[in-house]
Amino acid sequence: MTTGHYTNLIHADDGIESFSDVAPPIHLSATYSYTSSNEVQDAVYSRMDIPTVQRCEAVLEQILDAPSVTYCSGLSAIFGLLTYLNPKRIYIERAERGGYHGTLGVAEIIKRLNGAEMFKLDELDRDVSKLDSGDVVWLETPLNPTGEVTDISRYSRIAKQNGAVLCVDATFAPPPLQDPFLHGADYVMHSATKYLGGHSDLLAGVVASRNTRAIESMRHDRIFLGSIMSGHTAWLLLRSLRTFRLRVERQAKSALQLVTRLHDLAAADSTPLLKVVHSSLQSAPFVSEQMTGGHSPTFAIYLKDEASAAALPSKLKYFHHATSLGGVESLAEWRSMSDPKCDRRLIRISVGIEDVDDLYNDLEEALHSLS
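What counts and what doesn't
Residues numbered from 1 in each chain as written. Predicted model: local features only at pLDDT ≥ 70, side-chain atom pairs only at ≥ 80, totals over all residues. Heavy atoms only, no water. Helix = DSSP H or I, 4+ residues; strand = E, 2+ residues; numbered from the N terminus. Rg over C-alpha atoms; globule rule 2.2 N^0.38 Å. Buried < 20%, exposed > 50% of the residue type's maximum accessible area, 1.4 Å probe, protein only. Areas by Shrake-Rupley, 256 points an atom, 1.4 Å probe, with all protein chains shown as cover. 1 Å grid on protein atoms, 1.4 Å probe; cavity = no way out; pocket = protein on both sides within 12 Å on 5 of 7 lines; lining within 4 Å. Points joined across faces, edges and corners; volume = space filled by probe spheres on them. Nonpolar A, V, L, I, M, F, W, Y, C, P; charged D, E, K, R; others polar. Pairing = 2+ DSSP bridges. Axes fitted to C-alpha atoms, helices over the stretch in contact; angles between N-to-C directions. Left-handed = near helix turned anticlockwise from the far one by under 90°. Contact = heavy atoms within 4.5 Å. Expected span 1.5 Å × (residues − 1). Phe/Tyr/Trp six-rings, centres within 6.5 Å; stacked < 30°, edge-to-face > 60°. Salt bridge = Lys/Arg side-chain N within 4 Å of Asp/Glu carboxyl O.

A. Just the overall build of the protein, in detail. The helix and strand tally for the protein stands at twelve helices and eleven strands. Over its C-alpha atoms the protein spans a radius of gyration of 21 Å, differing by no more than 12% from the 21 Å that the globule rule assigns to 371 residues. Taking the principal axes of the C-alpha coordinates as reference, the protein spans close to 75 × 55 × 40 Å. Out of the 371 residues belonging to the protein, those deemed buried represent 54%. For the protein, the exposed area adds up to about 16,100 Å²; of that, 51% sits on carbon and sulfur atoms.

Okay, structure coming up:
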């Protein structure tokens, strides 16, 4: 009998440990005792494996529909994946056009280590002649910081026709909103700090792939990269995964309502709000085909000038002015605070689980106060 999504989030890891705890224990030991007959008893050393990490990966396999390997941050997950793939060429969106600047920083380290060439992603739109076997095409969709969607299927075809590997950073829209594997992704990365963690109290990353041999190799590499999560972080993440789907579905529904209402407010031209950017406002057919479970709870608004954008966060009551996204609390970041290449009129909004009317009224009042 097939079990449901919510049931899997609670019970996917039931067989990992033989203890009777309903809530899993936190394993904080750095080392584990051998048996009297010189055999491994439970584990050896926390850099190699931790029972709570095993539990996290069992639940993540259910969420992401593929075997997964976890890391101590999203950037360490990116580094672990690119280290394993060791590409000669990387096609990646540049920070000034959108995309996470941290990914670009990791790619620069790979370039320094192995001489990999870096190309803008849109160069594939003009010329695929340089794309070759083993090269990496790296998509971020929805895109940071605007939440716009890139066509995974299209770039999957380009990659596969040329023997390249397609990696998708799907942090902004985890399942059930989007499943990159259905559209041809080879590897899917999430900063688990964001929606998978959901409480703004942990750093973690995950790479999933249906290539089980690759996942095992990355898990082995992780021992020597030293990038496993701590037992406490794994416990926090496991706690969060239990309520993951409930949170994300509510956040996505609220964000869509906010985007619709703010879009109308921008059209009224009664505030400094210039425009709203979100995947729900994209007209391309591939958007609805890809975002089958809803749209990202993160989106962007542009104000008419830099001064208004700088002032808006301090006018808000229910939105924290802070970076990151995906938490149960709503955030509104003047994005240039953490990404200097970003348009200085842009505010990135991450919708939490508060009542949507309260969030909209808060934004509307703050915008009117700037008029």
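B. Looking closely at empty space enclosed by the protein. Tallying each qualifying case throughout the model produces three cavities of 30 Å³ or more. Space inside the largest cavity adds up to approximately 50 Å³. Taken together, Ile 92, Glu 93, Gly 99, Tyr 100, Thr 103, Trp 138, Leu 139 and Glu 140 make up the full set of residues lining the largest cavity. Counting residues per element, the lining of the largest cavity draws most heavily on strand β4 (residues 136-140), which supplies three residues. The residue makeup of the lining of the largest cavity, split by class, is four nonpolar, two polar and two charged. In this model, the second largest cavity occupies a volume close to 40 Å³. For the lining of the second largest cavity, the class distribution of residues is four nonpolar, one polar and two charged.

C. Expanded view of the pairing of strand β1 (residues 68-71). Side chains Ser 68 and Thr 70 project from β1 onto one buried face, and the interleaved Val 69 and Tyr 71 project onto a second face that is buried too. Sheet topology places β1 next to strand β7 (residues 205-208); four bridges connect them, and they run antiparallel. By the bridge assignment for β7, Val 69 is matched with Val 207.

D. Up close: the packing of helix α3 (residues 74-85) against helix α4 (residues 101-114). In contact at an axis separation of 10 Å, α3 and α4 are set at 35° when each is read in the N-to-C sense. Pair α3 / α4 crosses with right-handed handedness. Residues Leu 75, Ile 78, Phe 79, Leu 82 and Thr 83 of α3 pack against Gly 102, Thr 103, Val 106, Ala 107, Ile 109, Ile 110 and Leu 113 of α4. When its residues are assigned to classes, the contact of α3 with α4 shows nine nonpolar, three polar and no charged.

E. Layout of helix α8 (residues 231-242). Taking 1.5 Å as the rise per residue, α8 with twelve residues should run 16 Å; its terminal C-alpha atoms sit 17 Å apart, in good agreement. Most of α8 sits inside the fold, with nine of its twelve residues counted as buried. Among all positions of α8, only Gly 231, Thr 233, Ala 234, Leu 236, Leu 237, Leu 238, Ser 240, Leu 241 and Arg 242 are buried. On its buried side, α8 packs onto α1 (5-11), α2 (51-64) and α9 (244-268).

F. Broad picture of the packing of aromatic side chains. Within the structure shown, the criterion is met by one aromatic pair. Where Tyr 91 meets Phe 119, the ring centres are 4.8 Å apart and the plane angle is 15°; that geometry is what we call stacked. A residue pair is termed long-range when its members are at least 10 positions apart, and Tyr 91 in strand β2 (residues 89-92) and Phe 119 in strand β3 (residues 117-120) qualify at 28 residues. Classification of Tyr 91 by relative accessible area gives buried; the value is 1%.

G. Focus on the pattern of salt bridges. By the definition in use, this model includes 17 salt bridges. Among the salt bridges present, the one from Glu 216 reaches Arg 219, with a minimum N-O distance of 2.8 Å. Separated by three residues within a single helix, Glu 216 and Arg 219 lie in helix α7 (residues 212-225), roughly one turn from each other. In this structure Glu 216 comes out as partly exposed when scored by relative accessible area, which is 46%. The residue Arg 348 makes a salt bridge to Glu 333 at a minimum N-O spacing of 3.4 Å. Pair noted here: Arg 348 is in strand β11 (residues 346-350) and Glu 333 is in strand β10 (residues 331-334), with a separation of 15 residues, a long-range link. For the pair Arg 348 and Glu 333, a shared accessibility class is recorded, and that class is buried. Several salt bridges share partner residues, and in doing so they unite Glu 57, Glu 216, Arg 219 and Arg 222 into one network.

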